[in-house]
Every structure is written in C-alpha cells, then in structure tokens.
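Structural features, examined
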Amino acid sequence: MADPPDEEVRERLKAALWFAIGKMVDEESLRRNRNATPQFIAALTEMVWAQIENVAVDLESFSQHAGRTTVTTDDVLLLARRNSDLHAMIKDCVDRLKATKAKGKARR
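In this text the structure is predicted, and so the values were computed from the model without any measurement. (Residues numbered from 1 in each chain as written. Predicted model: local features only at pLDDT ≥ 70, side-chain atom pairs only at ≥ 80, totals over all residues. Heavy atoms only, no water.)

So, the environment of Arg96
Tracing the backbone shows Arg96 in helix α4 (residues 84–107). Distance from Arg96 to Ala66, taken between C-alpha atoms, is 24 Å for residues 30 residues apart in sequence. (Helix = DSSP H or I, 4+ residues; strand = E, 2+ residues; numbered from the N terminus.)

Set out below in structure tokens:
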C-alpha cells in the first residue's frame, strides 16, 4: 500500500488530470454545441488514468529489461511499435530533436 505522501501526490495528479480533461471536454462541447455530464468527465478521467498507469508500467519494464534505470525515447518507441502512425510521429519528433541537439553541439 502506498504511504500517505505518495497517496497525496497521486490524488493531486489525478485531480490535475481531471481538471485538464474537463477543460478539453468543455472546449470540445462548446465547439460542437453539445453537453457533457460530470459523470462522463469522471469516467473519461478514470479511463485515461488507467491507461497512464499501464503505459508507466510498460515503460519501466522496457528500461529495466535493457538494464537501465531511466526511461528513454527507445522505450517510448518500443511502446508505440504496434501503432504504426503513432510510431512514425514519435520517431519523426525524436529525429528532429536529435538533429537540433547535434546542431547545437556542432556550434560549440
């Protein structure tokens, strides 16, 4: 069982997620002239939270399997391997960031 400080952090993160999802749902509801109930926002938040927990466990497992204590972009790419469109988007972003970082080092 998580100790009280960890549980407090977890609850604060979950509240922040609820707020962010609520804001996105409200914006989309206004744009589409639709209504969303607080129960819908709560259910969506729970679903997203569960997905985040699964992703976190998978990323941690990938890094541990590779003998690392830090999650890297390689782990994220491995996680996205079954969704080719997502994998391509993440790979492009990683490649751009690496190119930018390499340019910065070359200037020094």
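Read on for the rest.
Observations concerning the nonpolar core
Counting residues in each nonpolar core, the largest one holds 5 residues, listed as Leu17, Ile21, Val25, Ile41 and Trp49. Mapped onto this core, the elements with two or more residues apiece are α1 (4–32) and α2 (38–65). Top element by residues in this core is α1. It accounts for 3 residues. Leaving out residues up to four positions away in the same chain, Trp49 has contacts with Arg10, Leu13, Lys14 and Leu17. (Core = buried A, V, L, I, M, F, W, Y, C linked by side-chain atoms within 4.5 Å. Buried < 20%, exposed > 50% of the residue type's maximum accessible area, 1.4 Å probe, protein only. Contact = heavy atoms within 4.5 Å.)

Quick notes on the environment of Glu53
Along the chain, Glu53 turns up in helix α2. The exposure class of Glu53 is partly exposed, given its relative accessible area of 31%. As for Glu53 and Ala20, which are separated by 33 residues in sequence, their C-alpha atoms are 17 Å apart. There is a polar contact of 2.9 Å between the side chain of Glu53 and the side chain of Arg10. (Polar contact = N/O pair within 3.5 Å; in protein donor to acceptor, adjacent residues only side chain to side chain.)

Some points on the side chain of Asp75
Among the structural elements, Asp75 can be located in helix α3 (residues 73–79). Excluding its chain neighbours within four sequence positions, the residues that come into contact with Asp75 are Leu59, Phe62, Ser63, Arg68 and Thr70.

Topic: α2
The first and last C-alpha atoms of α2 sit 40 Å apart over 28 residues, in line with the 40 Å expected at 1.5 Å per residue. Tucked into the core, α2 has its buried residues touching α1 and α3. Downstream of α2 by a residue or two, Gly67 has a phi angle that is positive, lying close to 80 degrees. (Expected span 1.5 Å × (residues − 1).)

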